[in-house]
Amino acid sequence: MVRVTEVLDWVDNKELAKWRGKVGNRAADKRGRDTAKWGTAVHELIGRTLKGEKVRTPKTFEVAQAYKAFASWLKLNEQVGMGNMWAEETLLDEERGLQGTPDLFTSLEGFDWKTGWPSWKHIWQLNEYTYLHNLIRPTFCVNACRVVYLSRDTGMFKEAAFTYSERIHQRYDGLLLAYKESLNGDSYFAEREVGGNQ
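Residues numbered from 1 in each chain as written. Predicted model: local features only at pLDDT ≥ 70, side-chain atom pairs only at ≥ 80, totals over all residues. Heavy atoms only, no water.

Chemist: Mind showing me how you'd approach the sheet that holds strand β6 (residues 109-114) here?
Modeler: Strand-to-strand pairing in sheets goes through backbone hydrogen bonds, with the strands running parallel or antiparallel. With mixed pairing, the 5 strands of this open sheet are ordered in space as β2-β5-β6-β7-β8. Where the open sheet ends on each side, the last strands, each with one partner, are β2 (85-87) and β8 (157-163). Ignoring which end each strand starts from, the neighbouring axes of this sheet average 15 degrees apart. The strands that helix α5 (residues 120-136) touches are β2, β5 (104-106), β6, β7 (144-150) and β8; relative to β7, the one it contacts most, it runs at about 140 degrees. (Pairing = 2+ DSSP bridges. Helix = DSSP H or I, 4+ residues; strand = E, 2+ residues; numbered from the N terminus. Axes fitted to C-alpha atoms, helices over the stretch in contact; angles between N-to-C directions. Contact = heavy atoms within 4.5 Å.)

The following block contains the structure:
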């Protein structure tokens, strides 16, 4: 099974390469590890909060700020905790060999929490999660999606709200096919012999 994010991570990211060249590999690797650690901690706190558990203020500044942003967001979106909720549940599409674990789906919307910089990949990721959710739960199909960015610096949040796009799903499918071909050494982008049997 291929993960939704695995395909998106495969796509060349020129901005990331440019930043790595600027700060150096050692500093970039450390920042990547720290960022992943903070993001995991924030996701765990959010999950516990959505289950109604009490959480303590985190000691790490970045985690505390991101969680503060989430708490502010939740106050403005109290309806999120009402009705059907599916949090951190792995969704499988056996036919396409694809799986993903979205942050949260309610019977009205899909959500993804991010503690890093906004990227087009986040929209594509949640769009594909929405496809999987609707495939698996056809009686609870949703079209509304929100990527919620939680700042590790300011404790503020911002959202990217959008409607599920079949066009993005079809483009993602093209990436998925190219990625799977690359794993088999038969990349669509590989050099092909001209003429003869192909």
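Next comes the rest of the write-up.
Chemist: Quick question: what am I supposed to make of helix α4 (residues 61-76) here?
Modeler: One turn of the α-helix equals 3.6 residues, which is why residues spaced by three or four share an orientation. End to end, α4 covers 23 Å across 16 residues, agreeing with the expected 22 Å (1.5 Å per residue, within 8%). Buried within α4 we find Val 63, Ala 64, Gln 65, Ala 66, Tyr 67, Ala 69, Phe 70 and Trp 73. (Expected span 1.5 Å × (residues − 1). Buried < 20%, exposed > 50% of the residue type's maximum accessible area, 1.4 Å probe, protein only.)

Chemist: Could you clarify how one ought to interpret the layout of surface pockets in this entry?
Modeler: Vacant regions in the atomic arrangement are exposed by a probe of water-molecule size rolled over the atoms. The space that makes up the largest pocket amounts to roughly 1700 Å³. Looking at the largest pocket, it is lined by 44 residues, and the ones nearest its centre are Thr 35, Thr 115, Gly 116, Trp 117 and His 122. Contributing elements (two or more residues each) for the lining of the largest pocket: α1 (4-10), α2 (14-23), α3 (25-50), β6, α5, β7 and β8. With 8 residues, the single largest contributor to the lining of the largest pocket is α3. (1 Å grid on protein atoms, 1.4 Å probe; cavity = no way out; pocket = protein on both sides within 12 Å on 5 of 7 lines; lining within 4 Å. Points joined across faces, edges and corners; volume = space filled by probe spheres on them.)

Chemist: What's the story with the environment of Ala 28 in this structure? I'm lost.
Modeler: Tracing the sequence through the fold places Ala 28 in helix α3. Judged by relative accessible area, which is 3%, Ala 28 ranks as buried. Each residue touching Ala 28, except ones within four places of it in the same chain, is listed here: Trp 19, Arg 20 and Val 23.

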